[in-house]
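Close look at the chain arrangement
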Amino acid sequence: MRQLLGKIPIKYRNVTEEIYLSEFVRCQNCQATVPTGIEVVTVRKEGNSKTIIKHGWFCRGHGAEYATRALG
Ligand SMILES: [Zn+2]
């Protein structure tokens, strides 16, 4: 299960943070493995190609800020 919460355009051109709700995530901040966490994929789009430049996983607590921004 992976559910897109929202996409956040960030300051650089063509770069977007995609925020997902994902199952069985190991938080990179506190190392806890949680049944449902936040996955953050930073992608750069150039023409038709899409490159993942950063990939992060967080528990609900550490990913709360991302989730709030994605839904806001
Ligand atoms: Zn955490």
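Okay, so let's go over this structure. A quick note: this is a predicted structure, and the numbers were derived from the prediction, not measured.

1. Quick notes on unusual backbone geometry
Of note in this structure, Phe24 is not a glycine but carries a positive phi near 50 degrees. Among the secondary structure elements, Phe24 is positioned in strand S2 (residues 15-26). C-beta crowding within 10 Å serves as the criterion here: with 11 such atoms nearby, Phe24 is assigned to the exposed category. Although it is not a glycine, Gln31 adopts a positive phi angle of roughly 65 degrees. Its location among the elements puts Gln31 in the loop between S2 and strand S3 (33-46).

2. Focus on the sheet that holds strand S1 (residues 2-9)
The strand order S1-S2-S3-S4 describes an open sheet built from 4 strands, whose pairing is antiparallel. The open sheet is flanked by S1 and strand S4 (49-58), the only strands paired with a single partner. Each adjacent strand pair in this sheet contributes to an overall mean axis angle of 25 degrees, direction not counted. Direction of pairing for S1 relative to S2: antiparallel, over a ladder of 7 bridges.

3. A closer look at the nonpolar core
Counting residues in hydrophobic clusters, the biggest one holds 11 residues: Ile19, Tyr20, Val25, Val34, Ile38, Val40, Trp57, Phe58, Cys59, Tyr66 and Ala70. For this core, the secondary-structure elements that each account for two or more residues are S2, S3, S4 and helix H1 (60-71). Contacts of Phe58, omitting those with residues within four sequence positions, involve Cys27, Gln28, Asn29, Gly37, Ile38, Gly63 and Tyr66.

Each value, and the rule that gives it
Residues take numbers from 1 onward in each chain, read along the sequence in its written order. With pLDDT at 70 or above as the cut-off, local features in this predicted model cover only qualifying residues; side-chain atom pairs require 80 or more to be listed or tallied, and sums for whole chains, interfaces and linings still use all residues. Helix numbers and strand numbers start at the N terminus; a helix is a DSSP run of H or I with at least 4 residues, a strand a run of E with at least 2. We call a residue exposed when 12 or fewer other C-beta atoms sit within 10 Å of its C-beta, buried when the count reaches 20 or more, and partly exposed for counts in between; the C-beta positions come from the backbone. When DSSP finds two or more bridges between two strands, those strands count as paired. Axis lines are fitted through C-alpha atoms, for helices just across the contact stretch, and the angle between N-to-C directions can take any value from 0 to 180 degrees. Here a nonpolar core is just a set of buried residues of the types Ala, Val, Leu, Ile, Met, Phe, Trp, Tyr and Cys, joined wherever their C-beta atoms sit within 7 Å. In this description, any two residues whose backbone-derived C-beta atoms lie within 7 Å of each other are considered to be in contact.

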